[in-house]
Amino acid sequence: MPHEQASTQKIPVTDPAQVGGGSGEGARRGLEEWAFIRYVGEPLGEVILFEGEDLPIGRGFDNAVRLDEPEVSRCHALVRQAPQEDGVPALRIEDLGSTNGTFVNGRKIEPGPGGAALKDGDVVRLGSHTFKLKRMDDLDRQYHRAVRTQTTVDPLTSVSNRATVLGRLEYHFALARRHQRALSVVLCDLDRFKTINDTYGHGEGDRVLQRFGTVLLGRLRGSDLGGRIGGEEFLVVLPETRRQEALGVAEDLRKALEAEPLRTAAGHELRVTCSMGVAELREVDGSGGAMLARADMALYRAKNLGRNRVELDGPV
């Protein structure tokens, strides 16, 4: 059964990789006109586009902007939209009772609801990190989105790159543990990929990788994320998903890849298949890496049992 497609891509607005939502299309357009540019701290020059209603900032993993340093509190500050009559929201920043305070243009703001209004050019400091607020025009937005895509997307397959998808795994792991939510992963490995490269050449191998990237992008929900983590290895992160549902997702991907043979430049018909291992978050897991290791064991079992199949971690 095909994996059900979500009607929208609205997910919790604290997810910095796939921020969505807002009260109407006008609100979403307005929020896209603002960005924080990092002037002090790493990575220097980073552009953080405002594409959701709220922007939580702090040391904890479930913040949209995570500043991993002792001077920043786990839940330090929150940037909120303040709707205006022209449909373009202004922004306000609230200090959430941080230990060391939140500063706007060098002045410490009072903690609690309300906070301080922000305007174009304001400088916000939290710990040793400093950001400048900028009103973005269309050209600015297009440029920075292009730059962000180049740094987060695998150029061959158009899915997320290794750093991005592994970062998303750790982010959703922390979120799932904190809020006691479900989380599953699927580890995918294309079958006999070396043989394909050796027999038909690396160009055809690239086309196989691109095909699987297309399958991932076309079959996953808006809240899911697929990424390439190795040569022919891919990882799918499935928030709010139990293991049996994740099994259905993996089977849908496997069948979609197998269903349509790939024709090589020389006219040969190439049947491409994939083996997959599925793992769900357990209470004993200390990191997303623990989930990945169990999914890898399930993948190894799928390979040993004949390939082109999906195996669950642990007893079914």
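Before going into details, it helps to say that this report is about the structure given with it. (Residues numbered from 1 in each chain as written. Predicted model: local features only at pLDDT ≥ 70, side-chain atom pairs only at ≥ 80, totals over all residues. Heavy atoms only, no water.)

Describing the pairing of strand β14 (residues 233-239)
- Along β14, six of the seven residues are buried, which leaves the element largely enclosed by surrounding structure.
- Note that strand β12 (residues 183-190) and β14 share seven bridges and pair antiparallel. The residue of β14 that forms the bridge with V185 is V237.
- The pairing of strand β13 (residues 225-228) with β14 spans four bridges and is classified as antiparallel. Residue pairing in the sheet places L225 in a bridge with V237 of β14.
- Counting the residues that bridge the hairpin from β13 to β14 gives four residues. (Buried < 20%, exposed > 50% of the residue type's maximum accessible area, 1.4 Å probe, protein only. Helix = DSSP H or I, 4+ residues; strand = E, 2+ residues; numbered from the N terminus. Pairing = 2+ DSSP bridges.)

Some remarks on the sheet that holds strand β3 (residues 54-58)
- Judged by pairing direction, the sheet is mixed, and its five strands sit side by side in the order β4-β3-β5-β6-β9 without closing on themselves. Two strands in the sheet have a free side with no partner beyond their single neighbour: β4 (65-66) and β9 (116-118).
- Two strands pair when backbone bridges link them, and β3 and strand β5 (residues 77-82) are joined in this way by four bridges, in the antiparallel orientation. The partner of I57 across the bridge, within β5, is A77.

Describing helix α5 (residues 202-219)
- Here α5 is 18 residues long and its end C-alpha atoms lie 26 Å apart, about the 26 Å a rise of 1.5 Å per residue gives.
- Of the positions making up α5, those classed as buried are E204, G205, V208, L209, R211, F212, G213, V215 and L216. (Expected span 1.5 Å × (residues − 1).)

Considering the sheet that holds strand β11 (residues 129-135)
- Judged by pairing direction, the sheet is antiparallel, and its six strands sit side by side in the order β2-β1-β11-β10-β7-β8 without closing on themselves. A strand with exactly one partner marks an edge of an open sheet, and here the two such strands are β2 (47-49) and β8 (107-108).
- One ladder, built from four bridges, connects strand β10 (residues 123-126) with β11; its direction is antiparallel. By the bridge assignment for β11, V123 is matched with K132.

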